[in-house]
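Descriptive analysis of the structure
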Amino acid sequence: MQDEELIQSILQGYGEEYAVIVERYQTQLYRTAYYYTQNVEDARDLTQEIFIKAYNNLEKFKHGSAFSTWLYRLAVNHCIDWKRKKKPDYEESISLDKLANKQAGPEELLLHQEMASEIHKLVRSLPERYRTIFILYYFEGLNPQQIAEILSISKRTVETRLYRGRKIMKNKIPMKLSGGVFNDLPSKSE
Amino acid sequence: MTCPRSRNNWHSYVKKSLSAAELQDMETHLEQCATCREIVSDIRETTNLLASVRVNLEPPTDIRVNVMKAIDKTKYKKENHFSRLMQSVRLLGFSLVATGFLLLALNLNPAVYRLENVSIAEVNFQIGKIIALPFDNFGQTVSVVIGKLDLFNSGLSNNLSR
């Protein structure tokens, strides 16, 4: 069943159908929450809060846009609010089992883990206006148009922030980690 | 930033989300512009680099259970018109019965007594009188209260004049 049909059904009183929506989006929302919280416990709590908030506000969902866009908007705003209000108690280091791409040898694995931690730290250190866009574009695989709809900004702004975000990263990331990926961008001193 | 014609589409191009016309435009431009080709290539490399460090997390199994426990599943259940009508009828019925009891409680004894002793025509007349009785009683009570108030006022003004 499509999202819109499910929402219609829930709004007609079949609340138990919401379990399908939770099942469908929990992985993406949990991962997005994790990028903000950097620990699994808070990410779980945040994901639950987002789903409960979405259910209680389901009547506000306008059927003109995609449900996933509406849900992401709610999730991102909730995560940003959480980040503003609370400093995380602790941040887990990125363990190998959490990395999508696993390398072969033990030495490479260690290097990869080190690089992953460094990059995640850099993304987290970006100013908020770049961080969310970076997470959605590079980690969640959304395109600039989808990000623009989620954040209620223009596609052009998303493109500009992605460009500037890379520029900020370039100034911070050690060259040995990036493998020269940011070479196209003028550095701060230039 | 260079190339104003293409700079707003670099990341969209990499994610293959341009419209057919925009895509055609971008590809034509990239054939001529080495700078933009390099930028697009670097965005691709960054995408691959960050994709390789993307966290691969499975959500805990209790998220769905906890959410379904926390929400009010009947929140959007609406009553249909028939059940609303039935509820109104029920309320009206209760109101009528309550009114009847009230009237009977006020004048029960005279009514029972009359019913045992007079004809049906007489009963109608008596019921009419019985229904009017509380209003008569109320009228009498009001005039007594007004009389008392008058007495009190005159006593008060006498005291003040002394």
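Residues numbered from 1 in each chain as written. Chains lettered and ligands numbered in written order. Predicted model: local features only at pLDDT ≥ 70, side-chain atom pairs only at ≥ 80, totals over all residues.

Here the focus is the overall build of chain B. Within chain B one finds six helices and zero strands. Sequence-ordered secondary structure for chain B, helices as α and strands as β, is α-α-α-α-α-α. For chain B, buried positions account for 13% of its 162 residues. Restricting the contact set of chain B to residue pairs at least 6 apart, pairs at least 24 apart contribute 47%. (Helix = DSSP H or I, 4+ residues; strand = E, 2+ residues; numbered from the N terminus. Buried ≥ 20, exposed ≤ 12 C-beta atoms within 10 Å, placed from the backbone. Contact = placed C-beta atoms within 7 Å.)

All right, on to the overall build of chain A then. Helix and strand counts for chain A stand at nine helices and zero strands. Counting over 190 residues, chain A shows a buried share of 33%. The contacts of chain A with a sequence gap of at least 6 include a subset with a gap of at least 24, amounting to 54%.

Across the contact, 45 residues belong to chain A and 38 residues belong to chain B. Those elements that provide at least two residues to the side of chain A that touches chain B are helix H1 (3–11), helix H2 (18–37), helix H3 (40–56), helix H5 (106–125), helix H6 (128–139), helix H7 (144–151) and helix H8 (155–172) of chain A. Considering each element in turn, the side of chain A that touches chain B owes the most residues, nine residues, to H2(A). Across the side of chain A that touches chain B, the residue classes break down as 23 nonpolar, 13 polar and nine charged. (Nonpolar A, V, L, I, M, F, W, Y, C, P; charged D, E, K, R; others polar.)

On to unusual backbone geometry. Within the chain, A:Gln38 stands out as a residue other than glycine whose phi angle is a positive 60°. Here A:Gln38 is to be found in the loop between H2 and H3.

Further remarks concern the environment of A:Ser9. Positionally, A:Ser9 belongs in helix H1. Discounting residues that sit within four places of it in the chain, A:Ser9 has contacts with A:Tyr14 and A:Glu17.

Let's shift gears to the confidence of the model for chain B. Across chain B, pLDDT averages 81, with 80% of residues at or above 70. Scored as a whole, the predicted complex attains pTM 0.67, and scored at its interfaces, ipTM 0.80. (pLDDT = per-residue confidence, 0-100.)

This brings us to the packing of H6(A) against H7(A). When two helices pack together, their arrangement is given by the angle between the helix axes and the distance between those axes. Residue and element names in this part refer to chain A. Following both chains from N to C, one finds H6 and H7 inclined at 135°, their axes separated by 10 Å at the closest point. In terms of orientation, H6 lies oblique with respect to H7. Classified by chirality, the crossing of H7 by H6 is right-handed. Residues Thr132, Ile133, Leu136 and Tyr137 of H6 touch H7, and the partners they reach there are Ile147, Ile150 and Leu151. Grouping the constituent residues of the contact of H6 with H7 by class yields six nonpolar, one polar and no charged. (Axes fitted to C-alpha atoms, helices over the stretch in contact; angles between N-to-C directions. Parallel < 35°, antiparallel > 145°, perpendicular 65-115°, else oblique. Left-handed = near helix turned anticlockwise from the far one by under 90°.)

Over its 13 residues, helix H2 (residues 20–32) of chain B runs 19 Å from end to end, which matches the ideal 18 Å to within 8%, given 1.5 Å per residue. Among the 13 residues of H2(B), zero are classified as buried, and the element is accordingly described as predominantly exposed. (Expected span 1.5 Å × (residues − 1).)

What follows is about the nonpolar core. A:Val22, A:Ala33, A:Ala75, A:Ile133, A:Leu136, A:Tyr137 and A:Ile147 are the most contacted members of the largest nonpolar core, which totals 44 residues. Looking at this core, the elements that each hand over two or more residues are H2, H3, helix H4 (67–85), H5, H6, H7 and H8 of chain A together with helix H4 (62–70) of chain B. The leading source of residues in this core is H2(A), at 10 residues. Counting the residues that make up this core, at least three belong to each of domain 1 (1–93) and domain 2 (94–178) of chain A. Those residues in contact with A:Val22 that sit more than four places away from it in its chain are A:Phe51, B:Ile63, B:Arg64 and B:Val67. If you look at the next biggest cluster of nonpolar residues, it comprises seven residues, including B:Val14, B:Cys36, B:Ile39 and B:Val40. (Core = buried A, V, L, I, M, F, W, Y, C linked by C-beta atoms within 7 Å. Domains from an automatic or database assignment.)

Let us look at H4(A). One full turn of an α-helix is made of 3.6 residues, so residues set three or four places apart face in the same direction. Residue and element names in this part refer to chain A. In this model H4 runs 27 Å from its N-terminal to its C-terminal C-alpha over 19 residues, within 8% of the 27 Å that 1.5 Å per residue would give. Of all the positions in H4, only Trp70, Leu71, Tyr72, Ala75, Val76, His78 and Cys79 are classed as buried. Contact partners of the buried residues in H4: H2, H3, H6 and H7.

This brings us to the packing of H7(A) against H8(A). Residue and element names in this part refer to chain A. Here H7 crosses H8 at 110°, and the two axes come no closer than 8 Å. Taken together, H7 and H8 sit at an angle that is classed as roughly perpendicular. Touching Pro144, Gln145, Ile147 and Ala148 of H7 are Lys155, Val158 and Glu159, all from H8. Grouping the constituent residues of the contact of H7 with H8 by class yields four nonpolar, one polar and two charged.

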